[in-house]
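# Structural overview for review
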Amino acid sequence: MLIKKLKIGVLGIQGSIIEHVNALEKSDVETIIVREKQDLNKIHGLIIPGGESTTISKLLERFNLSEKIKKKVKDGMGIYGTCAGAILLSKRIIDNNGGVKNLNLMDITVCRNAYGSQIYSFVDNIDINELKLKMFPAIFIRAPKINEIGKNVKILAKYKNDIIFAQEENLMVSTFHPELGDKPDIHKYFIQLCKRS
Ligand code: GLN
C-alpha cells in the first residue's frame, strides 16, 4: 500500500501533548491527537507523552483505549513512551503503590520517581551514539528508572549507569522529555521506526 503521508498520533488525554505535536511538526508527517478509539484507526505510530502515569492509565481505561492500543502494537504499529509513557508501556513496575495499570507491552522493569520528587528534576547533555547525537539536552522530570530489560531490548542511551532510552522492535521508551527541548532528532528517529513497522 502506498502511504501518502505518515500519520503519527499523540495520546491526548494528559501531559505534554502539544509539545510532542510541535516536535513532530518539524518533520513531514501529519499529527493526530488521539482521544477516541476511532482515532487509532487513522495512525501509523503513537506517542504516549509524559505526565502522570496513574492518571493516564485510569483515563486509558475510561476511554476504552488500552485494548485497541495493545492490539495495534502487537500488529506492528510503532509506539514511543516518554517518561510516564515509558511507565505505561512497561511490563513490570517496582512498588506500584500508585496502582498504575500498565499496558504490559515492553520487556522492561521500571521504578517510578526514582530520582526523587520534583525538586530533583534536572537537565543534562548526553551523547546518543546510536543516533549520532552529541550533547543532546535530556530533561528529566520526576523521571522513572529502567531497572531491568529483557534480552530483545536494545539500549539506545545511558545516563551515568542508568538506561534512559531503549527500543524493542516497534516499541521505544525514554525516561527524559525530548519534546521539551528544541531538537527534533529523537522524533525523527521514531518516525523512521514507524515507517519500517
Ligand atoms: N513521575 C511521573 C509518574 O510516575 C512521571 C513524570 C513525567 O512523566 N515527567 O507518572
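### Side note on the site of the ligand
Inspection of the region around the ligand gives Gly50, Gly51, Glu52, Ser53, Cys83, Ala84, Ile87, Arg112, Asn113, Ile141, Arg142 and His177 as its neighbouring residues. Gly51 is positioned such that a nitrogen or oxygen atom in its backbone is 2.9 Å from an oxygen atom of the ligand. In the model, a nitrogen atom of the ligand is placed 2.9 Å from a nitrogen or oxygen of the Arg142 main chain. Against a free-state accessible area of 300 Å², the protein chains account for coverage of 98% of the ligand. Here the ligand is seated within the largest cavity. Partitioning the shell around the ligand into residue classes produces four nonpolar, five polar and three charged.

### Structural notes on the state of the cysteines
Linking two cysteines covalently through their sulfur atoms gives a disulfide. The full count for this structure, using the stated rule, is zero disulfides. Note on Cys194: no disulfide assigned, nearest cysteine sulfur contributed by Cys83 at a separation of 20 Å. A relative accessible area of 3% means that Cys194 is categorised as buried.

### Section: the pattern of salt bridges
The full count for this structure, using the stated rule, is nine salt bridges. Linking Asp107 and Arg92 is a salt bridge whose minimum nitrogen-to-oxygen distance equals 2.9 Å. Within this pair, whereas Asp107 is found in strand 6 (residues 106–111), its partner Arg92 is found in strand 5 (residues 90–94), the two being separated by 15 residues in sequence. Judged by its relative accessible area of 32%, Arg92 falls in the partly exposed class. Notably, a salt bridge pairs Lys145 with Asp162, separated by 3.4 Å at the nearest N-O pair. Separated by 17 residues along the polypeptide, Lys145 in strand 9 (residues 145–149) and Asp162 in strand 11 (residues 162–168) bring together distant segments of the chain. Exposure remark for Asp162: the relative accessible area of 19% places this residue in the buried category.

Criteria and cut-off values
- Residues numbered from 1 in each chain as written.
- Predicted model: local features only at pLDDT ≥ 70, side-chain atom pairs only at ≥ 80, totals over all residues.
- Heavy atoms only, no water.
- Near = heavy atom within 4 Å.
- Polar contact = N/O pair within 3.5 Å; in protein donor to acceptor, adjacent residues only side chain to side chain.
- Areas by Shrake-Rupley, 256 points an atom, 1.4 Å probe, with all protein chains shown as cover.
- 1 Å grid on protein atoms, 1.4 Å probe; cavity = no way out; pocket = protein on both sides within 12 Å on 5 of 7 lines; lining within 4 Å.
- Sits in = over half its atoms within 2 Å of the grid points.
- Nonpolar A, V, L, I, M, F, W, Y, C, P; charged D, E, K, R; others polar.
- Disulfide = S-S within 2.5 Å.
- Buried < 20%, exposed > 50% of the residue type's maximum accessible area, 1.4 Å probe, protein only.
- Salt bridge = Lys/Arg side-chain N within 4 Å of Asp/Glu carboxyl O.
- Helix = DSSP H or I, 4+ residues; strand = E, 2+ residues; numbered from the N terminus.

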